[in-house]
Every structure is written in C-alpha cells, then in structure tokens.
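Chain and residue survey
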Amino acid sequence: MNVVQVDTPGGSYPIHIGPGRLDALDQCIPADATAIAVVTNPTVAALYGERAEAALARTGKRVLRIELPDGEAHKDWQSLNLIFDALLAQRLDRRCVLVALGGGVIGDMTGFAAAVYMRGVRFLQVPTTLLAQVDSSVGGKTAVNHPLGKNMIGAFYQPIAVEIDTDVLGTLPAREVSAGLAEVIKYGLILDPAFWTWCEENAQKLRALDPDAIAHAIRRSCELKAQVVGKDERESGLRAILNLGHTFGHAIESGLGYGAWLHGEAVGCGMVQAAELSADVTGFDRGDVARVRALVAAIGCPAVAPDLGADRWLELMQVDKKTEGGSIRYVLMTRIGAAVMQPAPDDAVRAVLARTTQ
Ligand SMILES: NC(=O)c1ccc[n+]([C@@H]2O[C@H](COP(=O)([O-])OP(=O)(O)OC[C@H]3O[C@@H](n4cnc5c(N)ncnc54)[C@H](O)[C@@H]3O)[C@@H](O)[C@H]2O)c1
Ligand SMILES: [Zn+2]
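Residues numbered from 1 in each chain as written. Chains lettered and ligands numbered in written order. Predicted model: local features only at pLDDT ≥ 70, side-chain atom pairs only at ≥ 80, totals over all residues. Heavy atoms only, no water.

1. Here's the deal with the site of ligand 1
Lining the immediate environment of ligand 1, one finds 25 residues, of which Glu72, Gly104, Thr128, Thr129 and Thr171 sit closest. Measuring from an oxygen atom of ligand 1, one finds a backbone N or O atom of Val105 at 3.1 Å. The fraction of the free accessible surface of ligand 1 (870 Å²) that becomes covered by protein chains is 88%. Counting only elements with at least two residues in the shell around ligand 1, the list comes to α1 (42-57), α3 (104-116), α4 (130-136) and β8 (149-156). Taken together, the residues of the shell around ligand 1 sort by class into seven nonpolar, nine polar and nine charged. (Near = heavy atom within 4 Å. Polar contact = N/O pair within 3.5 Å; in protein donor to acceptor, adjacent residues only side chain to side chain. Areas by Shrake-Rupley, 256 points an atom, 1.4 Å probe, with all protein chains shown as cover. Helix = DSSP H or I, 4+ residues; strand = E, 2+ residues; numbered from the N terminus. Nonpolar A, V, L, I, M, F, W, Y, C, P; charged D, E, K, R; others polar.)

And the structure:
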C-alpha cells in the first residue's frame, strides 16, 4: 500500500492507495462515529456496495446506504436533497460519517452534503473511477451543478481520508480509463517532466491497467495534486494551473452538449490546443507540442477538436469560471513540466482553433 499525505489549512488526511482497500474501510472510521451512511449509485452499488458495507459493518456501527441516480445529469440540488432526506429520516447526528462510494459525481455531491449537513459532518472519499482517484477525491472541492452552470454551488471541504482501491478499476469501461489518464498526464505536463516522460514510456501499460504502472500513476498524481492544494487550497493562485486544458475542454463539453464527450476526453483534447497556443504565445517548443498530441492519442483520447465555429468557441470559453474581468486567462506551458497563467490575444486563439479543429 502507498500512502500520500495531504496537508491543507482546511484539514490534513492520508490517501491510501492499493489493491483491496475496499475491504479495509472499517479502519478509517473514527471510534466516536455514531453511524455510517454510504452514498453511492445503482451502478457502483451493484459492483461494490456489499463489500464496502461488509467492511464498514465490522466497526459494529449502524451502516445505511443512500443510492442516488447515476450520471452527471443528476449532480444537482434534487439529488443532494435525497441525501439530506435519508440522513434526517434515519436521525443521523453530527457524529455520523458519510462515505462517498463512486466516481467524481458521487464524491462531489457527498462532500458537499457533508459540508452542510448539521453544519458539517466527517466524510470519507472512496473513489471508484480513475478520474476520481487521481483528481476529484483529492483537495476538497465539492459541488453540485446549477441549470445555469456546472459546479456553481459548492464548498471547499476536506475528507478525513481517501481510500483508493486499485482493483475496482477492472470494471471501468475503457473510455473512462482513457478519460482518467488525461488528468494523469496533465500533472506531468504542468509540474513534472520526469513523470511526463514516464507516462510516454508506459502509455500502453496504463491503458491496459497494468497493476504496477497504474499504482505508480495514481500515487504520483495524488502527490502532485497534494503539493498544489497544500500551497493553495482555495485556488487564489497556483491551484488554477490544474485547469490546464480545461478552458478548451469545457467549451467542447458544453458546445457538444454534456455527455457527448467525457470530461477527461475533452481535457485531453484541450491540452493539445493549450500546447498549440503555448507555442504561439510563450514559445513552447513545437516538437513538444507534437509530443503532447502523440501522448493524448496514445492514452486513447481524441486529439482533434470538434468544429464549433470560432465565434462560438470564444463565446463558450468566455463563460468559463476562470475569466476575470472579461479576459480569458489560459494555462500555458513554457516547457514540459512548467506552466503559467496568462491571457492570450483572440487572434492567436483563432489561429489555434483553425489548426486544431475539424
Ligand atoms: N472536485 C474536484 O476537484 C473535481 C475534479 C475533477 C472532476 N470533478 C467532477 O467529477 C465528475 C466526473 O467524475 P467521473 O469521471 O468519475 O464520472 P462519474 O462519477 O459519472 O463516473 C463515471 C461512470 O462510471 C461509473 N462507475 C464508477 N465507478 C465504476 C467502476 N469501478 N466500475 C464501473 N463503473 C463505474 C459511474 O457510475 C458512472 O456511470 C464531474 O462531475 C466533475 O465535475 C471534480
Ligand atoms: Zn478535470
């Protein structure tokens, strides 16, 4: 088992990474907990619900299950209320512990519910998608969507631990694996050139979920994310570099309609576009742009963006949360392993769109 420690002003906690962690969930429940509520969805519950609950039951505490409908479309206030309904109906008090068993959708909703139920109860992240294991379960961002915008209602709220069972990735559809790998290579591209090169050398092993390769990728991703959120929990500066590829990616997601491309697929493609823009704006090496394009393709993500029309592209990117005072700030590379945030001229963006869309 690997352990990565996260230290933020809002809380310090361990991330445990390894096979079989699902069977050890009882070890993460504090002795003074009064009850445990497992929040999950029917897909994940059918695969892993009983195992997780059997482990939690070894604490001798009451364990109840709350199932929310599966999918990003249900990451909303209504689903959140289902959690509160169940917790209140079952009379769970301030010393209960919520367990988020699922992907990023379940993790984000459970974390937000924990942040506000009884003004805050403890919660455990048990991420079951690769994307959730390397990204969303770490760092304490929680949220639900609003009809007028994704992740617009939420809180910074840290879990008491993150339990990553690498075995559960075996049931994940291949597309979801590729989408998670996009966030993995992102860390190398913005922070760690050696890890980037390692990803290039191990892309096929990662796609095939080779146990040693995937464990290393998860651990390194969590370490890098922990370093960043440790310095900037609330995204007043540095943390924003984790959004590499997301300005272009969000435009793809909302331009095509949510669900057409997976989030990670859009981010993978967005990283290619950000690399192209970097070459024009910061002088990022053109040979390295080709490496970004090649690795995005190698992990199974699309490297050619959809043609939404340049005006529509710019409009969609404008509504992204990262715009401040109207000008879009892009995460750009200066070299592999080093990123900066800065605006870019619309002309440069249009030139990139012309050569990256089809
Ligand atoms: N909080 C953050 O910092 C942060 C960061 C990145 C993304 N996010 C959020 O994460 C969400 C995306 O998360 P996601 O990609 O995990 O999507 P998801 O939670 O929708 O999971 C994808 C699908 O896989 C299924 N699934 C989960 N585990 C499985 C398993 N082991 N085997 C088979 N199927 C399984 C799910 O039921 C779902 O149908 C978005 O809402 C995004 O906003 C949050
Ligand atoms: Zn992302």
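That shown, we press on.
2. Focus: the pairing of strand β3 (residues 35-40)
Counted residue by residue, β3 has six buried out of six residues, so it is predominantly covered. On β3, burial covers both faces: Ala35, Ala37 and Val39 on one face and Ile36, Val38 and Thr40 on the other are all buried. By the bridge criterion, six bridges tie β3 to strand β4 (residues 62-67) in an arrangement that is parallel. Across the sheet, the residue bridging to Ala35 is Arg62, located in β4. As paired elements, β3 and strand β5 (residues 97-102) share four bridges and run parallel to each other. Each residue of the ladder has a partner; that of Val38, found in β5, is Val99. (Buried < 20%, exposed > 50% of the residue type's maximum accessible area, 1.4 Å probe, protein only. Pairing = 2+ DSSP bridges.)

3. Focus on the domain arrangement of the protein chain
Domain assignment breaks the protein chain into domain 1 (2-171) and domain 2 (174-356). Taking the mean C-alpha position of each, domain 1 and domain 2 sit 26 Å from one another. Listed as interface residues are 27 residues of domain 1 and, on the opposing side, 27 residues of domain 2. Between domain 1 and domain 2, roughly 2,300 Å² of surface is buried when both sides are summed, and carbon and sulfur atoms account for 68% of that area. Together, Leu130, Val134 and Phe156 form the three largest contributors to the area buried by domain 1 at its contact with domain 2, with a combined 26%. Ionic pairing is found between Lys141 and Glu235, a salt bridge with its closest N-O pair at 2.6 Å. Those elements that place two or more of their residues in the side of domain 1 that touches domain 2 are β1 (2-8), β2 (11-18), α4 and β8. Broken down by element, the side of domain 1 that touches domain 2 gets its largest block of residues, six residues, from β1. Along the lines of polarity and charge, the residues of the side of domain 1 that touches domain 2 split into 13 nonpolar, ten polar and four charged. (Domains from an automatic or database assignment. Contact = heavy atoms within 4.5 Å. Buried area = accessible area lost by both parts, 1.4 Å probe. Salt bridge = Lys/Arg side-chain N within 4 Å of Asp/Glu carboxyl O.)

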